[in-house]
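Chain by chain, the residues run as shown.
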Amino acid sequence: MVEPTWVAPTIAVLGIVLDIAIRVFAIVYVPINRRPQTATAWLLAIFLIPYVGFVLFLLIGSTKLPARRREKQSEINKYIIETTEGMERVKRDHPWPAWLDSVVELNRTLGAMPLVGGNTGRMHTDYDESMAAMVEAVDGAHRYVHAEFYITSLDRTTEPFFLALENARRRGVTVRLLMDHIASRGYPGYRKARRRLDAMGVEWQLMLPVLPLRGKYQRPDLRNHRKLLVIDGRVAFTGSQNMVDKSYQKRKNKRRGLEWKDFMVRFEGPIVAGINALFVTDWYSETDELLLRETDPVHTADRLDTIDCQVVPSGPGFDGENNLRLFNSLLYSAQERIIVTSPYFVPDESMLYAITTAAQRGLEVQLFVSEIGDQPVVYHAQRSYYEALLRSGVRIFLYRSPTVLHAKHFSIDDEVAVIGSSNMDMRSFSLNLEISIMVRGREFVSRLREVEQSYRESSRELFLDDWLARPFRSKVLDNVARLTSAVQ
């Protein structure tokens, strides 16, 4: 059968019309409420590879959670603000930075808990030590255990934690656990963890599940990146460590000898109620069950060397990029020094200006990152910023391989620090649900300085001349990766 002569021209015309329609739609719609650099990256993708770029935009172009989840987030945000009104228990003793009040107010306006005093914080910088500390805390539970980890896997390292949960259940303790669906499912111990949790009677849920056949779908790379553990409303842990072996159970990591170095803090005092409120928020988002009876505040720690703390949640459930606004405010407020530790440092334009401006103002600015990377694209994108940082006067320290420095914290002058799950990259600012704790206390920052010094002793400093002499191939990879980092 001979094909009519009009078919091919018609298909060609329809293809041209469709191509033009996609481009016009992209120009009109893509820039709406997006950063110029993000919109530009999407437009480039759509114009260079129209059909593929357009389909990708439809699948992962929105940084918003589904409408119902946003409604629930709004409900719980309002509840938290109302129930924590007047909780401030802060002694405005000397030295109280003149700029701190405005930062606290910013956080509160964006949906954070109040700044509360009377807390203690114990730092854990060793992976096995922090795991043992969390096991010990669970072993002391009487009422409930709330565990929430971006990655949850059952392996040799995490077996004691699962055993502690099992023993707690046998004692009649309520145990609830949240794990991110996409992040956890890629690890060998994921299915074993699920079976073990079922067997011991733990109430557990997947966070942000991507299960379209069950009606559960959102942009797949919108993830809950938080790591926290709350015991009886009296003790809480948070920081950078996942519930997985420090090799992350990946064969390629083991072949390279990679091990993760993390940073966790054990808190006691009123701040525990704020951290638990964040778990309550996420539990409600996944289950529709609001754990009102377990949001009770705790007593002030009975010690002289207490610290003031504020929980700052962030993520696509909030209207603003809470963590980015907090970080930039602190960077511009600093008067003496800024020391940043981040495994993935891929700043947006506003943060790049904030940190380079600080160095150009004459402040001491230091950045600790890993010498090697576990994620090639992010690793090369991060490296593309080194020249601008070094030229502005930022000192960069590369933590020696084969350790991946996964700690996430930074300190401002001798007064304020921020610790938590958030990286300083555009993914953490826009796509991930994160927890950050802002801490005011000279003693706490002094101890963090000791941690930073230990990083310095295990790092080599990067100098501009050496960096400019790197191979041309590396420069190309770095710059290409930088373009992809803007696609959100």
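Residues numbered from 1 in each chain as written. Predicted model: local features only at pLDDT ≥ 70, side-chain atom pairs only at ≥ 80, totals over all residues. Heavy atoms only, no water.

Topic: unusual backbone geometry
Here the residue pair Ser401 and Pro402 is connected by a cis peptide bond, since its omega of 10° sits within 30 degrees of zero. With respect to the element layout, Pro402 can be found in the loop between β14 (395-399) and β15 (403-405). Phi angles above zero are rare outside glycine, and Asp288 is one such case at about 70°. (Helix = DSSP H or I, 4+ residues; strand = E, 2+ residues; numbered from the N terminus.)

Quick word on the packing of helix α2 (residues 36-48) against helix α3 (residues 50-60)
The N-to-C vectors of α2 and α3 enclose an angle of 140°; their axes lie 5 Å apart at closest approach. By the angle between their axes, α2 is oblique relative to α3. Of the residues in α3, those touching α2 at Trp42, Ala45, Ile46, Phe47 and Leu48 are Pro50, Gly53, Phe54, Leu56, Phe57 and Ile60. Here the contact of α2 with α3 is built from residues that sort into 10 nonpolar, 1 polar and no charged. (Axes fitted to C-alpha atoms, helices over the stretch in contact; angles between N-to-C directions. Parallel < 35°, antiparallel > 145°, perpendicular 65-115°, else oblique. Contact = heavy atoms within 4.5 Å. Nonpolar A, V, L, I, M, F, W, Y, C, P; charged D, E, K, R; others polar.)

So, helix α17 (residues 442-457)
Counted at 1.5 Å a residue, the expected span for α17 with its 16 residues is 22 Å, and the 23 Å between its end C-alpha atoms agrees. All of the buried residues in α17 are Phe444, Val445, Leu448, Arg449, Val451, Glu452 and Tyr455. Buried residues of α17, viewed axially, fall in a sector of 165°; they line one side. When the buried face of α17 is taken as reference, the exposed residues oriented beyond 90 degrees from it are Glu450 and Glu457. (Expected span 1.5 Å × (residues − 1). Buried < 20%, exposed > 50% of the residue type's maximum accessible area, 1.4 Å probe, protein only. Arc of directions from axis to C-beta.)

Things to note about the packing of aromatic side chains
The full count for this structure, using the stated rule, is 11 aromatic pairs. Look at Phe368 and Tyr455: their rings are 5.9 Å apart centre to centre, the planes differ by 65°, and that puts the pair in the edge-to-face class. Of this pair, Phe368 sits in strand β13 (residues 364-370) while Tyr455 sits in helix α17, and the two are 87 residues apart along the sequence. By the ring-pair criterion, three or more aromatic residues cluster together here, those being Phe368, Phe397, Tyr399 and Tyr455. A cation over a ring is seen here: Lys250 above Tyr187, with NZ or CZ 4.6 Å from the ring centre. Stacked on the ring of Phe397, the Lys or Arg Arg456 has its end atom at 5.7 Å from the ring centre. (Phe/Tyr/Trp six-rings, centres within 6.5 Å; stacked < 30°, edge-to-face > 60°. Lys NZ or Arg CZ within 6 Å of the ring centre and 35° of its normal.)

A word on the packing of helix α12 (residues 322-333) against helix α13 (residues 349-360)
In contact at an axis separation of 9 Å, α12 and α13 are set at 20° when each is read in the N-to-C sense. For the element pair α12 / α13, the angle class is roughly parallel. Seen along the crossing, α12 lies across α13 with a hand that is left-handed. Only Ser350, Met351, Tyr353, Ala354, Ile355, Thr357 and Ala358 of α13 make contact with α12, whose side of the interface consists of Leu324, Phe327, Asn328, Leu331 and Tyr332. Across the contact of α12 with α13, the residue classes break down as 9 nonpolar, 3 polar and no charged. (Left-handed = near helix turned anticlockwise from the far one by under 90°.)

A few points about the nonpolar core
In terms of nonpolar packing, the biggest core is built from 47 residues, with Leu330, Ile338, Leu389, Ile396 and Met438 touching the most fellow members. Sort the elements by how many residues they give to this core and α13 lands first, with 6 residues. In terms of nonpolar packing, the next biggest core, distinct from the first, is built from 44 residues, Met134, Ala141, Met179 and Phe237 among them. (Core = buried A, V, L, I, M, F, W, Y, C linked by side-chain atoms within 4.5 Å.)

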